[in-house]
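# Tertiary structure, described
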Amino acid sequence: MSKAHFGLIGLGVMGENLVLNAERNGFSSVVYNRTYSKTEEFLNGRGAGKQISGARDLKDFVNKLDRPRRILMMIKAGSAIDSVIESISPYLEVGDLLIDGGNSEFRDTERRVLELERKSFGFIGMGISGGSKGALEGPSMMPGGTKTSYEAIESLVCKMSAQVEDGPCVTYIGPGGSGHFVKTVHNGIEYAIEQILAEAYDLMKRICGMSGDEIADVFRRWNATEQLSSYLVEITESCLRTKDCGGKEDLVEKIMDKAGQKGTGLWTVLSALELGAPVPTIYAALNARVMSSMKEQRILAQQIISGPSIKSFDLGKTDNDMSFLMDAVVLACFASYAQGMELLRIGSNEYNYKLNMPSIAQIWKGGCIIRSQLLGRIQNAYSACPELQNLLVDPWFSLEVNRRLPGLASVVAGGVASGIPLPCLTSTLDYINSYRTGRLPQNLVQAMRDCFGSHTYQRVDKEGIFHTNWID
Ligand code: NAP
């Protein structure tokens, strides 16, 4: 029997769809799942009648694969990856390649690349975005590892990934854990945009008293604009239109207001803190999820701490497109991408990943959760200026920022006056205001630090390091 081209470990939500994608693209496959009943169920169900066979154990799985073997692990991140690597390694041969497609921490991937390359196996850490539908139809893929290992999977991933007008949504990201670093930051941006859209919904509901369908209409119109056309805005409209109770009530209003946060949002913020990269909009989104999970405390506090009452203010409803609110949402989305790209640039320099910023924007244009029309502008901005320090000062983006900043400021002011929490919109306003302020009050902070701790300071009027006896 001829050997298969591709092996997949882990028939979960993503794995099932990815193996069907590979098979559809001409790569005969073998699947293995820790719980064998799932393998049987898949082979008798969605995998039936296809060039896909199953294996009950890892030895049989490896034996059924053509060399060099290309094996994608789509399993829970963390120790599960190390334990599968340990179990499968005795059966692998020089040149075989393991790919971790899960959401692994990029430093774990750094370690695994080194360990496996030492044994002469290839190891690729590949972020994959697109959810179950993307996995089946074409996700965005972010593979990192050695260039030689990438070349061994290039034909496979180029066919499996989403395709946009300027190519497949996959490229060689860089060495070591760079693929998982880029996927982590992608997820940080995703957290932020989801929270921004939730804040916009909250304002339309609480300030304007709009129904789910009316709010959905606004998202539909926004999705037709260059600035906001995106997968997340599109699905927000669908979520808001979905009904419960025989088509009468909005299902979204029945959902518990507690959002989970898995590793990647936290890792984005931790990396940013370590690298000294400002990501306040992304951090605000992570924190908003943490606050949301404290449901019982919030209910109690609501009865103890009274805030201002809701006061109506102009979200731009008069011109029928919520123009001020749109300004706010647009700038917060810009800030999320700007902060994410800046984190990538700083991380690339620190870890020597040599990330190609226009290529990263390009592979996010299709297949992934943060795909948007804006990514074309982001790609152009970094192509025109590869060393661009912040997206917001690119000519096209800065024009937009200048035009929309008053709208963002008025929405934040109105929300604050009504006591409505707007973590991402508020953080974005502070971020932009800080970034565009040539002189910040940190002169006083420096004075205090020197006063109590002799930390010294620099002066604006002369060179050197200074210390003053501030008291006496
Ligand atoms: P899932 O549906 O929860 O499936 C988890 C898979 O991991 C199952 O096949 C499970 O096998 C296997 N597994 C768990 N622990 C294992 C262990 N110790 N040894 C061997 N196998 C083990 O997961 P998923 O949603 O497909 O996600 C897989 C990976 O992709 C995760 O890292 C996830 O973060 C990432 N990811 C998910 C999405 C998404 O939208 N779902 C998108 C991008 C990336 P059993 O059947 O035996 O339990």
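Residues numbered from 1 in each chain as written. Predicted model: local features only at pLDDT ≥ 70, side-chain atom pairs only at ≥ 80, totals over all residues. Heavy atoms only, no water.

It is worth spelling out the domain arrangement of the chain at this point. Domain boundaries assigned for the chain yield domain 1 (6-176), domain 2 (183-435) and domain 3 (442-472). Averaged C-alpha coordinates put domain 2 and domain 3 at centres separated by 38 Å. (Domains from an automatic or database assignment.)

Read across the open sheet, the 7 strands follow the order S3-S2-S1-S4-S5-S6-S7; overall the sheet is mixed. Lying at the two open borders of the sheet, with one neighbouring strand each, are strand S3 (52-54) and strand S7 (140-144). Across this sheet, the average inter-strand angle for adjacent strands is 25°, counted without regard to direction. Bridging between strand S4 (residues 70-73) and strand S5 (residues 97-100) involves 4 bridges; their strand directions are parallel. Looking across to S5, one finds that Ile71 is bridged to Leu98. (Pairing = 2+ DSSP bridges. Helix = DSSP H or I, 4+ residues; strand = E, 2+ residues; numbered from the N terminus. Axes fitted to C-alpha atoms, helices over the stretch in contact; angles between N-to-C directions.)

Taken together, 20 residues lie near the ligand, and Met14, Asn33, Arg34, Thr35 and Lys38 sit nearest. Take Leu11: an N or O atom from its main chain is 3.4 Å from an oxygen atom of the ligand. A distance of 2.8 Å is found between an oxygen atom of the ligand and a side-chain nitrogen or oxygen belonging to Lys38. Within the complex, 74% of the 900 Å² of free accessible area of the ligand lies under protein. If you list the elements that add at least two residues to the shell around the ligand, you get helix H1 (13-24) and helix H4 (79-88). Looking at the shell around the ligand residue by residue, the class counts come to 9 nonpolar, 7 polar and 4 charged. (Near = heavy atom within 4 Å. Polar contact = N/O pair within 3.5 Å; in protein donor to acceptor, adjacent residues only side chain to side chain. Areas by Shrake-Rupley, 256 points an atom, 1.4 Å probe, with all protein chains shown as cover. Nonpolar A, V, L, I, M, F, W, Y, C, P; charged D, E, K, R; others polar.)

With the rule as written, the count across this model stands at 14 aromatic pairs. An aromatic cluster is built from Phe106, Phe181, Tyr351 and Tyr353, whose rings are joined through pairwise contacts. For Arg289, the ring lying beneath its charged end belongs to Tyr191, and the centroid distance is 3.6 Å. We note Arg459 situated over the ring of Phe466; from NZ or CZ to the ring centre the distance is 5.6 Å. (Phe/Tyr/Trp six-rings, centres within 6.5 Å; stacked < 30°, edge-to-face > 60°. Lys NZ or Arg CZ within 6 Å of the ring centre and 35° of its normal.)

Moving on, we come to helix H18 (residues 423-435). An α-helical segment advances 3.6 residues per turn. Residues three or four places apart therefore align on the same side. Here H18 spans 18 Å end to end across 13 residues, near enough to the 18 Å set by a 1.5 Å rise per residue. Among the residues making up H18, those that are buried are Cys424, Leu425, Ser427, Thr428, Leu429, Tyr431 and Ile432. Lining the buried residues of H18 we find helix H8 (178-208), helix H12 (280-292), helix H14 (323-351) and helix H17 (395-417). (Expected span 1.5 Å × (residues − 1). Buried < 20%, exposed > 50% of the residue type's maximum accessible area, 1.4 Å probe, protein only. Contact = heavy atoms within 4.5 Å.)

Pairing is possible between side chains that carry opposite charge, provided their charged atoms lie close to one another. All chains considered together, the criterion is met by 36 salt bridges. For Lys365, the salt bridge is made with Asp166, and the minimal N-O distance between the two is 3.1 Å. Residue Lys365 is located in the loop between helix H15 (357-363) and helix H16 (374-384), and its partner Asp166 is located in the loop between strand S8 (163-164) and strand S9 (167-168); the two are separated by 199 residues in the primary sequence. Note on Asp166: relative accessible area 36%, which makes it partly exposed. Between Lys254 and Glu249 there is a salt bridge, and its shortest N-O distance comes to 2.7 Å. For Lys254, a relative accessible area of 42% translates into the label partly exposed. (Salt bridge = Lys/Arg side-chain N within 4 Å of Asp/Glu carboxyl O.)

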